[in-house]
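A look at the structure
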Amino acid sequence: MRAKKPSESRTVMTDMVLPSETNPLNNLFGGELLARMDRAASIAARRHSRRITVTASVNHVAFNRSVPLGSVVTVEASVSRAFKTSMEIFIDVWMEDRFTGERTKANEAIYTFVAVDDTGIPTEVPPLQPETELEKDRFDAALRRKQLSLVLAGKMKPSDATELKALFLGD
């Protein structure tokens, strides 16, 4: 299976925050942003795997800034690591000031998707070949995040978590 670049999965979705999508403080509902991120991540996962993909987990979400009514919001998603049947998708959320046009990073998230066949059985995905320094950093960190998740879930022995051992013990 041919390795793919993160740029091949890159998905950009831009939309405006409307009144029906805001809370009483006139900021975008967190759940609305989660849904937008899930859609962008799903497209990125499908572009990488060329399979049906399902959300396996939301590993991390940081709501760093409120996104006010009328803001232009851009969700950028791309595969940061491919494992056997799963893919980690890193998502950056940008907001554009409606008066100045200045773009500010508002939020970020990490989702995991699994590729499945037509019957819902997990299926292999292509490997990922990162190119930029940011892509390489995210690629390396993804393995540590996966090992940590597996250790915490009791699915991996801490002694088998080689990347975590190297991080904490310098092995």
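Bear in mind that the values here come from a model prediction, so they are computed numbers and not experimental data. (Residues numbered from 1 in each chain as written. Predicted model: local features only at pLDDT ≥ 70, side-chain atom pairs only at ≥ 80, totals over all residues. Heavy atoms only, no water.)

**So, the overall build of the protein**
The secondary structure content of the protein amounts to 4 helices and 5 strands. Mapped in sequence order, the helices and strands of the protein form the string α-β-α-β-β-β-β-α-α. In terms of C-alpha radius of gyration, the protein reaches 17 Å, essentially the compact-globule figure of 16 Å for 171 residues. Dimensions of the protein along its principal axes, counting C-alpha atoms only, are 50 × 40 × 30 Å. Classification of the 171 residues of the protein by burial places 39% in the buried group. Considering only intrachain contacts with a sequence separation of at least 6, the fraction spanning at least 24 residues in the protein is 67%. For the protein, the computed accessible surface area is about 9600 Å², with 53% contributed by carbon and sulfur atoms. (Helix = DSSP H or I, 4+ residues; strand = E, 2+ residues; numbered from the N terminus. Rg over C-alpha atoms; globule rule 2.2 N^0.38 Å. Buried < 20%, exposed > 50% of the residue type's maximum accessible area, 1.4 Å probe, protein only. Contact = heavy atoms within 4.5 Å. Areas by Shrake-Rupley, 256 points an atom, 1.4 Å probe, with all protein chains shown as cover.)

**Considerations on the pairing of strand β4 (residues 86-96)**
Burial of β4 is extensive: 9 of the 11 residues sit out of reach of the surface. Note that strand β3 (residues 72-82) and β4 share 10 bridges and pair antiparallel. Counterpart to Thr 74 in the pairing with β4 is Trp 94. Where β3 folds back onto β4 in an antiparallel hairpin, the turn is made up of 3 residues. Direction of pairing for β4 relative to strand β5 (residues 103-116): antiparallel, over a ladder of 11 bridges. Within β5, the residue paired with Ile 89 across the bridge is Tyr 111. Where β4 folds back on β5, the antiparallel hairpin that results is connected by 6 residues, among which Gly 101 adopts a positive phi of roughly 80 degrees. (Pairing = 2+ DSSP bridges.)

**Re the layout of surface pockets**
By volume, the largest pocket amounts to about 420 Å³. Around the largest pocket sit 18 residues that line it, and Ser 57, Asn 59, Thr 112, Lys 146 and Ser 149 are the ones nearest its centre. Contributions of two or more residues to the lining of the largest pocket are made by β2 (52-63), β4, β5 and α3 (133-152). Per element, the largest residue contribution to the lining of the largest pocket is 7 residues, and it comes from α3. For the lining of the largest pocket, a count of residues per class yields 9 nonpolar, 5 polar and 4 charged. (1 Å grid on protein atoms, 1.4 Å probe; cavity = no way out; pocket = protein on both sides within 12 Å on 5 of 7 lines; lining within 4 Å. Points joined across faces, edges and corners; volume = space filled by probe spheres on them. Nonpolar A, V, L, I, M, F, W, Y, C, P; charged D, E, K, R; others polar.)

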